[in-house]
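Topology and contacts: notes
So you can see what is in the structure, the chains are spelled out below.
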Amino acid sequence: MATLEKIRSKSVFLIVVIGIALLAFIVGDAITNGRSLFGSGSTIASLGDAKVDISEYQSRLNMYQEANPDADVQELSQATIDALINEKLLDAAAKKLGVEVSDEQTTYYIMEQPLQPMQLFMNTYGRAVQQMYPNAQLTPTLMYNIIFTPEKYGLSADQTEGLKQAWIAMEKETKAAAARNIYMQLLYATIQPNDLDKKALFAQNTDSYTVDVARKAFGELDKKKYPVSDADIKAEYDKNKNMFMVKELTKTVGFIAYSVKPSDADIKLAKELQAAALKSVKAGQPLAKDLQKQGVRFDTRTATTANAGDYQLSSFLKGAPVDSVALFDRGGSFRIVKLVGNSAANDSLEVAFVQVMKDQVAAVTADIKAGMALDSLSGKYSADQVGVSPAQWVSIQNEQARQQLGSVSSTFVAALDTVGAGAILTAQETPEGSVLAYVKNAKPKVSVYTYEDTYYDLYPSDETIDAATEALSKYAASHNTPAKFAEGAQKAGYMHQSVPVSASLPAFSAGMNPMNGRASYYPKSREVVQWVMTEGEPGMASPVFSNEDMQQPVLYIALVEDEYDDYAPYTDSLVKESLEAKVRASKAGDAMVKQYSGKGNIQATAQAMGVPVVTDSQVRFQGSMNVPDAAVAARMTGTKPGAKTYVVKGNDGVYAYEVKAKNPSESKYYESQSADQYNRQFKGNVNALFNMLRGNKRMENNIFKITRSK
């Protein structure tokens, strides 16, 4: 295949490899020389003796971004620091224990069971190699051979020198990663459950209790009926002070995120543009320049009813005569479609590509036309003369597929619209040979509609965004205390939240992503975190920040409420709010237990509570759907079965219950199985390991001070 490979261009591969190698030197040099701009310190984060330098942070962040191009860069930045800190903690622990890694083990963790350094290496450099050898099965072994025996692949040693240095660095990283891996395995092996752990785990997952239960949720409790004093809050705080320990400098801020919507003036202008554009389209006139300046766009498109991507558009195209015009009003945004023609064309083709050297093109074409199976070509011709790719179905009318094929040849793509099964086309020609496309099968033709698309998307104007920015600034100026800032937000149309902020906060959260249960962050809100940690002082309001998205603009502003570096004080708004709610719930629970106790059996008690009874509920030690409070569930499983009705308070309400029976598990207790389950649970919780290594050490995160990054 060496000669055949000449057909493929190496320019992209060489440019990427050289570019990556140069970038590594340039970034490293710039960071080293630039430290004087930030001061003498280059430690971006530290935890005890574990320190992360700005250069290794930037290098790792670049690799993570390369491997995760769709990741939120705000989150990725802090994740990089956390990963490096954890690695250094493991390095120190492994060194202290005397863990050593042999060359054979290093090779194993590169070639056979690649650890993260090799995975990142493949992600960073593999794409470039894959572009050069698209049909190759990319493996660590192939990467090694290309890098260290480049002459076998038509390359020189100079061309792969940058990759060679990167590989050597990766080997060093893999050796360190292997030591961490070995240390973790050793640590996990030393942590074993005792007899009580194993039996408790078996019982809580198997034994159940049949319980009749009634639950009256607290809901929103009346503050006057259950008053909470400052002394109550302080007493509760003193009992649970360790819950409010912070391990790095933290500030509580009032945060407002405001989504700017189009104004009435913006909507009025959109209606005027719609009327003018519709008049122009119906008259067959080109789109006026003044409409284009206002954001109205025009394109000529093609589509089938199946891939139009819009039900209204599909319905219009299917039944409308040529020159018909349709208006789709989208609440200010609009789309005006004019059908200009339709024709029959191929929908999907099964195509196989054959790479052929120049002097064999005529012979190979004749063989295919004569009915020779493509698989048989490799028997007649050498691998240096012909290469065949498997046939695959291509949706010719799919816009993305057409764009990909169009990168080969637009003429070739246009020809695919009309050819039939058995056709042979030239997809690409080079001085060395050709790439032939053989059409094995074709699905029935479909109607392809050509239409003129005039459209406008309504977004807030610059004037609207400026006005919203000014209004938010004025709000902060006139509501310049934490209480005023929070209390007036709803009336002013703003969404306010109090947030604890440290340099380790990736950005401000916009809620939970339902797909992965993780926080999703407001774009560019990391700038607000930077301001809070570098400039903000208690009582100060930030300037108004923007996510810089002109289509969906969101404005941010923050007011610093408090600052602390050991324990969040009980006067902190978030702490006070949680403690007040807990104390009030406890007082309400005590009062309700007294109110509903002694009412008789479970039915009478539930009637007094005004709630139904859930009969024969199956409750285990860790809780159930009907008993979400774990402490109450544990209490139920510790109650002897009988006719007695108990009324107890929980964190979320008051429970009345009667334990009817204990249901021992039909499963037999096996000590080894329970031990394995315990170990699986612990080993699956990597955070538990790192929390053990971190202990109560304080984090010093200097990312904003050093980089002043946005």
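Let us look at the structure shown here. Model, not experiment: these values are computed from the prediction.

So, on to the overall build of the chain. Check the secondary structure of the chain and you find 26 helices and 22 strands. Computed over the C-alpha atoms, the radius of gyration of the chain is 34 Å, more than 25% above the 27 Å expected from 2.2 N^0.38 for a compact globule of 710 residues. Sorting the 710 residues of the chain into buried and exposed places 42% on the buried side. The contacts in the chain between residues at least 6 apart in sequence include a share of 71% that link residues at least 24 apart. For the chain, the exposed area adds up to about 38,000 Å²; of that, 51% sits on carbon and sulfur atoms. With 75 positive and 80 negative side-chain charges, the chain shows a spacing of 5 Å between the two charge centroids.

On to the sheet that holds strand S21 (residues 653–663). If you trace the four strands from one edge of the open sheet to the other, you get S19-S3-S21-S20, paired in antiparallel fashion. Looking along the sheet, the strands with just one partner apiece sit at the ends: strand S19 (614–619) and strand S20 (646–649). On average, each strand axis in the sheet is inclined to that of its neighbour by 40 degrees, with strand direction left out of account. Relative to S21, strand S3 (residues 208–217) runs antiparallel, the two being bridged by 10 bridges.

Here Glu 161 lies in helix H7 (residues 161–190). On the accessibility criterion, Glu 161 (35% relative accessible area) is partly exposed. Taking the C-alpha atoms as reference points, Glu 161 and Ile 147, separated by 14 residues in sequence, lie 7.7 Å from one another.

In this section: the nonpolar core. Residues Tyr 57, Val 253, Phe 255, Val 501 and Phe 508 are the most contacted members of the largest nonpolar core, which totals 60 residues. Ranked by residues supplied to this core, first place goes to helix H3 (residues 73–97) with nine residues. If near-sequence neighbours (up to four positions away) are discounted, Phe 255 is found in contact with Phe 485, Met 495, His 496, Gln 497, Val 499, Phe 508, Tyr 522, Val 528, Tyr 556 and Ile 557.

Our next topic: the pattern of salt bridges. For the structure on display, the rule yields 26 salt bridges. The residue Asp 82 makes a salt bridge to Arg 694 at a minimum N-O spacing of 3.8 Å. Residue Asp 82 is found in helix H3, and its partner Arg 694 is found in helix H25 (residues 686–694); the two are separated by 612 residues along the sequence. According to the relative accessible area criterion, Asp 82 is partly exposed, its value standing at 27%. Put simply, Asp 232 and Lys 587 hold a salt bridge, and the shortest N to O gap is 2.8 Å. Of this pair, Asp 232 sits in helix H9 (residues 230–239) while Lys 587 sits in helix H21 (residues 573–596), placing them 355 residues apart in sequence. By relative accessible area, which is 33% here, Lys 587 ends up partly exposed. Here the residues in one salt-bridge network are Arg 60, Glu 87, Asp 91, Glu 173 and Arg 180, joined through shared partners.

Let's shift gears to unusual backbone geometry. Its identity as a non-glycine residue notwithstanding, Glu 548 has a phi of 60 degrees, on the positive side. Locating Glu 548 in the fold gives a position in the loop between strand S17 (545–546) and strand S18 (554–564). Overall, Glu 548 belongs to the exposed group, its relative accessible area being 55%. Backbone geometry places Asp 616, a non-glycine residue, at a positive phi of 55 degrees. Taking the relative accessible area as the measure of exposure, Asp 616 reaches 42% and is therefore partly exposed.

Right, let's get into the packing of aromatic side chains. Applying the stated rule across the entire model yields 18 aromatic pairs. Pairing Phe 255 with Phe 508 gives two aromatic rings, centres 3.9 Å apart and planes at 5 degrees, and the pair type is stacked. Residue Phe 255 is found in strand S4 (residues 250–259), and its partner Phe 508 is found in the loop between strand S14 (495–501) and strand S15 (509–513); the two are separated by 253 residues along the sequence. Under the relative-accessibility criterion, Phe 255 is labelled buried at 0%. A ring pair is formed by Phe 255 and Tyr 522, whose centres lie 6.0 Å apart and whose planes are at 50 degrees; its orientation type is tilted. You can see Phe 255 sitting in strand S4 and its partner Tyr 522 sitting in the loop between strand S16 (518–521) and helix H20 (526–534), a full 267 residues away along the chain. A relative accessible area of 12% places Tyr 522 in the buried class. Three or more aromatic residues joined by ring pairs form one cluster here, namely Phe 121, Tyr 125, Tyr 144, Phe 148 and Trp 167. Across the ring face of Tyr 567, the terminal group of Lys 241 is positioned such that the distance to the ring centre comes to 4.7 Å. Note that Lys 443 overlies the ring of Trp 393, its terminal NZ or CZ placed 5.3 Å from the centroid.

Before going further, it helps to spend a moment on helix H6 (residues 140–148). Owing to its 3.6 residues per turn, the α-helix aligns residues three or four sequence positions apart on the same side. All buried positions along H6 are accounted for by Pro 140, Leu 142, Met 143, Ile 146 and Ile 147. For H6, the angular spread of buried residues about the axis comes to 160 degrees, placing them on one side. Taken together, the buried residues of H6 touch helix H4 (103–112), helix H5 (116–132) and H7.

Most of strand S12 (residues 433–442) sits inside the fold, with seven of its 10 residues counted as buried. Sheet analysis places strand S8 (residues 348–357) next to S12, joined by nine bridges and oriented antiparallel. Note that in S12 the partner of Val 356 across the bridge is Ser 434. Inspection of the sheet shows strand S11 (residues 424–429) paired to S12 by five bridges, in the antiparallel sense.

This next bit is on helix H8 (residues 195–206). With 12 residues, H8 extends 17 Å from end C-alpha to end C-alpha; this agrees with the ideal 16 Å at 1.5 Å per step. Lys 198, Leu 201, Phe 202 and Thr 206 are the residues of H8 that are buried. Within H8, the buried residues cover an arc of 105 degrees as seen down the axis, which keeps them to one side.

Another point: the sheet that holds S18. Ordered by their spatial adjacency, four strands build an open sheet running S14-S4-S18-S17, and the pairing between neighbours is antiparallel. Each edge of the open sheet is held by one strand with a lone partner, namely S14 and S17. Of the pairings in the sheet, the one linking S4 to S18 comprises 10 bridges and is antiparallel in character. By the bridge assignment for S18, Val 253 is matched with Val 560. The sheet strands contacting helix H17 (residues 462–478) are S4 and S18, and the helix crosses S18 at an angle near 20 degrees. In this fold H21 packs onto S4, S14 and S18, with an angle of close to 105 degrees to the strand it touches most, S14.

The geometry of helix H2 (residues 54–67) relative to H3 is characterised by a closest axis approach of 9 Å and an angle of 125 degrees between their N-to-C directions. Taken together, the axis directions place H2 and H3 in an arrangement best described as oblique. Between H2 and H3 lies a crossing of right-handed hand. Listed contacts from H3 to Glu 56, Tyr 57, Arg 60, Leu 61, Tyr 64 and Gln 65 of H2 are Val 73, Leu 76, Ser 77, Thr 80, Ile 81, Ala 83, Leu 84, Glu 87 and Lys 88.

The next thing to look at is the side chain of Thr 210. Within the fold, Thr 210 resides in strand S3. Residues within four places of Thr 210 in sequence aside, it is in contact with Asp 616, Ser 617, Gln 618, Glu 658, Val 659, Lys 660, Ala 661 and Asn 663.

Thresholds, definitions, all that
Residues numbered from 1 in each chain as written. Predicted model: local features only at pLDDT ≥ 70, side-chain atom pairs only at ≥ 80, totals over all residues. Heavy atoms only, no water. Helix = DSSP H or I, 4+ residues; strand = E, 2+ residues; numbered from the N terminus. Rg over C-alpha atoms; globule rule 2.2 N^0.38 Å. Buried < 20%, exposed > 50% of the residue type's maximum accessible area, 1.4 Å probe, protein only. Contact = heavy atoms within 4.5 Å. Areas by Shrake-Rupley, 256 points an atom, 1.4 Å probe, with all protein chains shown as cover. Lys, Arg positive; Asp, Glu negative; His and termini not counted. Charge placed at Lys NZ, Arg CZ, Asp CG, Glu CD. Pairing = 2+ DSSP bridges. Axes fitted to C-alpha atoms, helices over the stretch in contact; angles between N-to-C directions. Core = buried A, V, L, I, M, F, W, Y, C linked by side-chain atoms within 4.5 Å. Salt bridge = Lys/Arg side-chain N within 4 Å of Asp/Glu carboxyl O. Phe/Tyr/Trp six-rings, centres within 6.5 Å; stacked < 30°, edge-to-face > 60°. Lys NZ or Arg CZ within 6 Å of the ring centre and 35° of its normal. Arc of directions from axis to C-beta. Expected span 1.5 Å × (residues − 1). Parallel < 35°, antiparallel > 145°, perpendicular 65-115°, else oblique. Left-handed = near helix turned anticlockwise from the far one by under 90°.

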